[in-house]
Amino acid sequence: MELSQILLILGSTVLVNNFVLMQFLGICPFLGVSRQVETSFSMGLATTFVMTMTSAATWLINTFILEAFNLPFLRYVAFIIVIASLVQFVEMFIKNMSPVLYKTLGIFLPLITTNCAILGMALQIPMNEFNFIESLIFGFGAGVGFTLAIVLIGGLREQLRFSDVPESLQGAPITLILAGIMAMAFMGFSGLIAM
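So, here's what we can say about the structure. (Residues numbered from 1 in each chain as written. Predicted model: local features only at pLDDT ≥ 70, side-chain atom pairs only at ≥ 80, totals over all residues. Heavy atoms only, no water.)

## Topic: the packing of helix 4 (residues 75–97) against helix 6 (residues 116–128)
Then, in step 1: In the contact formed by helix 4 and helix 6, the axes pass within 10 Å of each other and the chain directions differ by 130°. Comparing their axes, helix 6 and helix 4 come out oblique. Note that helix 4 runs across helix 6; the crossing there is right-handed. Note on element contacts: helix 6 touches helix 4 through Ile118, Leu119, Ala122, Leu123 and Pro126, opposite Arg75, Tyr76, Phe79, Ile80 and Ile83.
Then, in step 2: Grouping the amino acids of the contact of helix 4 with helix 6 by side-chain chemistry returns 9 nonpolar, no polar and 1 charged. (Axes fitted to C-alpha atoms, helices over the stretch in contact; angles between N-to-C directions. Helix = DSSP H or I, 4+ residues; strand = E, 2+ residues; numbered from the N terminus. Parallel < 35°, antiparallel > 145°, perpendicular 65-115°, else oblique. Left-handed = near helix turned anticlockwise from the far one by under 90°. Contact = heavy atoms within 4.5 Å. Nonpolar A, V, L, I, M, F, W, Y, C, P; charged D, E, K, R; others polar.)

As structure tokens, this is what we get:
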């Protein structure tokens, strides 16, 4: 595989087709966990790990089981089982390694299982007919794009604490406005890479 193909897939998933800001997948943790940069970054790392591992596992399952036995209708169920298993692994790891982070992420950590960005990414792999390496790069890029988006909004939300935001816009309204502005900014990358 050529370096240009790797960069094309990475650039496309991180910037041009960002799962959060362009496809509007994964909005729940994007809005729920993004109050601080540190927490946002940790959530982004956990999601990136799950997305990368999911891309590998779902490609293998899809190629060697679902397509080999003509069972593509089982993709949703199989992919959700893979995602839930990986999230359980990540949750146990974080709980043992950093109880403070585990408590900070709270309910949003097990909710990675229902993060539609991960399922959307897994379903796009067979649609794009990626090979194994391309799938890994796609999953990693999707996770990096998710991390970029959640850390950016986390940084902006931290700065809002020191801003004079009108009472009617405090909380969710200003966060949604910021997310909309970020999405418009990321629209500037469209057309940069055709995929």
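Here the narrative resumes.
## Some words on the pattern of salt bridges
Then, in step 1: Counted by the stated rule, this structure contains 1 salt bridge.
Then, in step 2: Taking the shortest distance from any N to any O, the salt bridge between Arg75 and Glu67 comes out at 3.4 Å. (Salt bridge = Lys/Arg side-chain N within 4 Å of Asp/Glu carboxyl O.)

## Digging into the packing of aromatic side chains
Then, in step 1: Counted according to the given criterion, the structure contains 6 aromatic pairs.
Then, in step 2: With a centroid separation of 5.9 Å and 65° between ring planes, the pair formed by Phe19 and Phe138 is classed as edge-to-face. In this pair, Phe19 is assigned in the loop between helix 1 (3–16) and helix 2 (27–32) and Phe138 in helix 7 (residues 132–160), connecting sequence segments 119 residues apart. Pair check on accessibility: Phe19 and Phe138 agree, each one buried.
Then, in step 3: Here Trp59 and Phe64 contribute two aromatic rings whose centre-to-centre distance is 5.9 Å and whose plane-to-plane angle is 85°, an arrangement assigned as edge-to-face.
Then, in step 4: Judged by relative accessible area, which is 16%, Trp59 ranks as buried.
Then, in step 5: The exposure class assigned to Phe64 is exposed, which follows from its relative accessible area of 52%.
Then, in step 6: Each member of the aromatic cluster is reached from another via a ring pair, and the members are Phe19, Phe130 and Phe138. (Phe/Tyr/Trp six-rings, centres within 6.5 Å; stacked < 30°, edge-to-face > 60°. Buried < 20%, exposed > 50% of the residue type's maximum accessible area, 1.4 Å probe, protein only.)

## Section: helix 1
Then, in step 1: For helix 1, with 14 residues, the first-to-last C-alpha span of 18 Å sits near the 20 Å given by 1.5 Å per residue.
Then, in step 2: Contacts made by the buried residues of helix 1 are with helix 7 and helix 8 (172–187). (Expected span 1.5 Å × (residues − 1).)

## Let's talk about the packing of helix 7 against helix 8
Between two packed helices, what matters for the description is the angle formed by their axes and the separation of those axes.
Then, in step 1: Following both chains from N to C, one finds helix 7 and helix 8 inclined at 135°, their axes separated by 11 Å at the closest point. When the interaxial angle is binned, helix 7 and helix 8 end up oblique. As for the relative orientation of helix 7 and helix 8, their crossing is right-handed in sense. Residues Leu148, Ala149, Leu152, Ile153, Leu156, Arg157 and Leu160 of helix 7 form the contact with helix 8, whose own contacting residues are Ile174, Thr175, Leu178, Ala179, Met182 and Phe186.
Then, in step 2: Per-class residue counts for the contact of helix 7 with helix 8 are 11 nonpolar, 1 polar and 1 charged.

## What to know about the nonpolar core
Then, in step 1: One finds Leu21, Phe30, Ile112 and Met121 to be the most contacted residues of the largest nonpolar core, which totals 44 residues.
Then, in step 2: Contributions of two or more residues to this core are made by helix 3 (37–66), helix 4, helix 6, helix 7 and helix 8.
Then, in step 3: Broken down by element, this core gets its largest block of residues, 8 residues, from helix 4.
Then, in step 4: Discounting chain neighbours no more than four positions away, the residues touching Ile112 are Met43, Ala46, Thr47, Val50, Ile83, Val87 and Ile118. (Core = buried A, V, L, I, M, F, W, Y, C linked by side-chain atoms within 4.5 Å.)

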